[in-house]
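Observations on the model geometry
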Amino acid sequence: MKICMVGTGYVGLVSGACFADLGNTVWCVDKIQNKIDILNSNKIPIYEPGLDEIVKKNYKAGRLKFTTNLNFAVKNSDLIFICVGTPTSKNGSADLKYVIQAAKEISKNINNFKIIVNKSTVPVSTGDMVENIISKKVKKNMFAVISNPEFLREGEAIRDFRFPDRIVVGANNKRFLNKIKKLYQPLVNKGAVFFSTNRRGAELIKYAANAFLASKIAFMNEVGNLCEKTDVDIEDVALGMGLDKRIGARFLRVGPAYGGSCFPKDTKAITVTGDKFKTNLSIVKSVIKSNNLRKTILTKKAEKILSNKVKNKNIAFLGVTFKANTDDMRGSTSLIMIPSLAKKGAKINYYDPTGSKKEFSKLKNVKYCDTISKTCANTDLIIIHTEWDEFKSLNFTKLTKRKNFKVFDMRNLYSHVDENKKNYKYYSIGR
Ligand code: UDX
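Residues numbered from 1 in each chain as written. Predicted model: local features only at pLDDT ≥ 70, side-chain atom pairs only at ≥ 80, totals over all residues. Heavy atoms only, no water.

Quick notes on the packing of aromatic side chains
Across all of its chains, the model carries 14 aromatic pairs by this definition. Note on Y351 and F391: the rings are 6.1 Å apart at their centroids and 75 degrees apart in plane angle, and the pair reads as edge-to-face. You can see Y351 sitting in strand 10 (residues 347-351) and its partner F391 sitting in the loop between strand 12 (381-384) and helix 15 (396-400), a full 40 residues away along the chain. Note on accessibility: Y351 and F391 belong to one class, buried. What links up through ring pairs into an aromatic cluster is the set F19, F81, F161 and Y184. The side chain of R166 reaches across the aromatic face of F151, ending 3.6 Å from its centre. The ring of Y427 carries the charged tip of K425 above its face, separated from the ring centre by 4.8 Å. (Phe/Tyr/Trp six-rings, centres within 6.5 Å; stacked < 30°, edge-to-face > 60°. Helix = DSSP H or I, 4+ residues; strand = E, 2+ residues; numbered from the N terminus. Buried < 20%, exposed > 50% of the residue type's maximum accessible area, 1.4 Å probe, protein only. Lys NZ or Arg CZ within 6 Å of the ring centre and 35° of its normal.)

Examining a positive patch on the surface
On the surface, a cluster of positive charge is made up of K104, K108, K136 and K137. Here K137 lies in the loop between helix 6 (126-135) and strand 6 (143-147). (Patch = residues over 30% accessible without salt bridge, like charges linked within 9 Å, V, L, I, M, F, W, Y side chains within 5 Å. Areas by Shrake-Rupley, 256 points an atom, 1.4 Å probe, with all protein chains shown as cover. Salt bridge = Lys/Arg side-chain N within 4 Å of Asp/Glu carboxyl O. Lys, Arg positive; Asp, Glu negative; His and termini not counted. Charge placed at Lys NZ, Arg CZ, Asp CG, Glu CD.)

A few points about the site of the ligand
As a matter of local geometry, the ligand sits amid 18 residues, with L152, E154, K206, R253 and K323 nearest to it. By residue number, the principal contributor to the shell around the ligand is helix 9 (residues 199-230), which donates 3 residues. Its residues placed into classes, the shell around the ligand shows 9 nonpolar, 2 polar and 7 charged. (Near = heavy atom within 4 Å. Nonpolar A, V, L, I, M, F, W, Y, C, P; charged D, E, K, R; others polar.)

Some words on the domain arrangement of the chain
Considered domain by domain, the chain is made up of domain 1 (2-197), domain 2 (211-290) and domain 3 (295-427). Each of domain 2 and domain 3 has a C-alpha centre, and the two are 24 Å apart. Contacts between domain 2 and domain 3 engage 14 residues on the former and 15 residues on the latter. Around 1,000 Å² of area is buried between domain 2 and domain 3 when both sides are counted, 51% of it from carbon and sulfur atoms. (Domains from an automatic or database assignment. Contact = heavy atoms within 4.5 Å. Buried area = accessible area lost by both parts, 1.4 Å probe.)

Overview of helix 13 (residues 334-343)
Those residues of helix 13 that fall on the buried side of the exposure criterion are S334, M337, I338, L341 and A342. Viewed along the axis of helix 13, the buried residues span an arc of 115 degrees, placing them on a single side of the element. Buried residues along helix 13 sit in contact with helix 12 (282-305), strand 9 (314-318), strand 10, strand 11 (366-368), strand 12 and strand 13 (406-409). Positive backbone phi, at 100 degrees, marks G345, one or two positions downstream of helix 13. (Arc of directions from axis to C-beta.)

Topic: the nonpolar core
Within the largest apolar cluster, 42 residues are counted, with the highest numbers of intra-cluster contacts made by F19, L51, V55, F81, I180 and Y184. Among the elements that make up this core, the one with the highest residue count is helix 1 (residues 10-21) (8 residues). Excluding its chain neighbours within four sequence positions, the residues that come into contact with V55 are L13, A17, I44, L64 and F66. With 37 residues, the next largest nonpolar core counts A73, L96, V138 and A214 among its residues. (Core = buried A, V, L, I, M, F, W, Y, C linked by side-chain atoms within 4.5 Å.)

Some thoughts on the pattern of salt bridges
Evaluation of the coordinates by the stated rule reveals 24 salt bridges. For D275, the salt bridge is made with K285, and the minimal N-O distance between the two is 3.0 Å. Highlighted residues: D275 in helix 11 (residues 263-276) and K285 in helix 12, separated in sequence by 10 residues. Judged by its relative accessible area of 40%, D275 is partly exposed.

So, helix 9
A rise of 1.5 Å per residue sets the reference length of helix 9, with its 32 residues, at 46 Å; its end C-alpha atoms lie 47 Å apart and thus fit the reference within 8%. A positive backbone phi angle near 55 degrees is found at D231, which sits one or two residues after helix 9. (Expected span 1.5 Å × (residues − 1).)

Remarks on the pairing of strand 6
Along any regular strand, the residues point their side chains to alternate faces of the sheet. The buried fraction of strand 6 is high, at 5 of 5 residues. The two faces of strand 6 match: F143, V145 and S147 on one face and A144 and I146 on the other face are all buried. With 5 bridges connecting them, strand 5 (residues 114-118) and strand 6 associate as parallel partners. Looking at the pairing, I115 lines up with A144 of strand 6. This β-α-β element, strand 5 to helix 6 to strand 6, shows right-handed connectivity. (Pairing = 2+ DSSP bridges. Right-handed = clockwise from strand over helix to strand, strands pointing away.)

With respect to the side chain of D95
Inspection of the secondary structure assignment puts D95 in the loop between strand 4 (79-82) and helix 5 (97-107). There is a polar contact of 2.8 Å between the side chain of D95 and the side chain of K97. In this structure D95 touches G85, T86, P87 and S89, once residues within four positions along its chain are discounted. (Polar contact = N/O pair within 3.5 Å; in protein donor to acceptor, adjacent residues only side chain to side chain.)

Focus: the sheet that holds strand 12
Taken in spatial order, the 6 strands line up as 11-10-9-12-13-14 in an open sheet, and their pairing is parallel. Taken across any chain shown, the strands that pair with only one partner, and hence form the sheet edges, are strand 11 and strand 14 (425-427). Adjacent strand axes in the sheet meet at a mean angle of 20 degrees when their direction is disregarded. Judged from the 5 bridges that link them, strand 9 and strand 10 form a sheet pairing that is parallel. Paired with A316 across the bridge in strand 10 is N349. (Axes fitted to C-alpha atoms, helices over the stretch in contact; angles between N-to-C directions.)

And the structure:
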C-alpha cells in the first residue's frame, strides 16, 4: 500500500518505518526541512532503540522516503496518517493547531479517494472536526476520516508496534475498515487483535487507556507510601495483587512520579474533555494531583535520608530521564529533585547513559559526569533515579571509596534484604 505519514516525530517516524518494514511504500512528511535533511542523510533525530536499523534498512530498500513536499506525498498515497503533536495548551487541553493545519493541507491534495487516519492522540470528536475541515474543500464521497490511535511506549516502540496487544480502529462507516485491516493483517497473523469501533470510541479508548495506566501507577505509589509506614514490602503486595487476573501483574512497579510525553499530557487532556462535556473525571484529577505531589514527597525523603542536612552534601544521581531506554526528560521527577536539592546547597553529580541535560546546565553545583564512578566518587548519597540496566549490579562501596554513605534506590533495583547486610544504609520505595 502507498502511505503518507504527516509528521516525523515519535509516532510518525516509528510507525512509518514499521509500515515500510511490512512491505508498504511510505512517505514520511515533515515541514521542518532540517528534520528531513537529517533523515535523508541516514541519521535519526530521535532516541529509540532499534529505530536506526529499521529506518536504514527500509530507506535503502526504497520503501521509506522523507520529504517536506506534503502535496506530492498525499497525492501519491491511499492512506494519509496524521501523526502531528498535540501538546498541552494553557488550559490543559490538547492543542490541535497542528492537526487542523495538517487537515487543511491534506484537503488541498485529494486527487482520488483517500482514507485519512488520525494516529495522533486527539480528544473525542476531533475526527468530526477533521472531517468538517476537509469537506469544506472535498466532496464527502472522495474521502473518509478514521481514528487509529497508537499505544507505543518510548524505548519499546518497535516491539510495541510489531507485537501490539490490539490494533484499535474507529470508523463511522465500516466500509473503510477493510483497507486498514489489510494494512495491519501481518500483525493480526502474528496474534494481534484487530478491534474496531466508531471513531469517537477509538479516540476515547486511547485517553482512557493512558489515564487508567497512570492511575494504576499512582495508586501503587500511594500503597507504597503506606507500606513504608506499616513495615510491608510493596513488591510482595504488587505480586499478590497482580496474580488477580482482573488486576494484571504489569504497571504495578513503584518508583518516581510517572512522567513522559504522554501520561502527564493525556491525563490532563481527558479531564478537560470531561469538563467540556460536563462530566467530572474526579479520579483522574486526583491521580494528577497525587503524581505531582509525589515529586515533593520523594525530594523530602532524600533530604530526610541526609537527616535534613543537605548543605554541602555530595549527592550522586544515577539516571535522570523519566524512564530507562529513552533520552526524554519530560515529566521526569529529577527535574524537581535536582534543582530543589541544589537550592538547599547540595553538590550534585549526575550521570545518564543518554548524556548531559540542558535542563540542568544553568544550575550552580550540579555537574554532569560521563561515568558512574566519577559520579559516585566521594559521595554521601547515591540516588538511583532511572532503571537503566547498567545500574543493576553496582558495587557502591567500591564506587564511593567511602565508608559512611547511603543509597536511595528509587526503582527498587536491589534486594533490600541483601543491601541491609552491607556496611552502608540502603533506602528504597515502599519497603
Ligand atoms: C505510555 C503508554 O504506556 C503508551 O501505551 C502510550 O502510547 C504512551 O504513553 P510511555 O510514557 O512511553 O508510554 O512509557 P511507559 O513505559 O508507559 O511509562 C510511563 C511512566 O510510568 C514512566 O514514568 C514509568 O517510569 C512509569 N511506570 C511504568 C511506573 O512507574 N511503573 C510501572 O510499572 C510502569
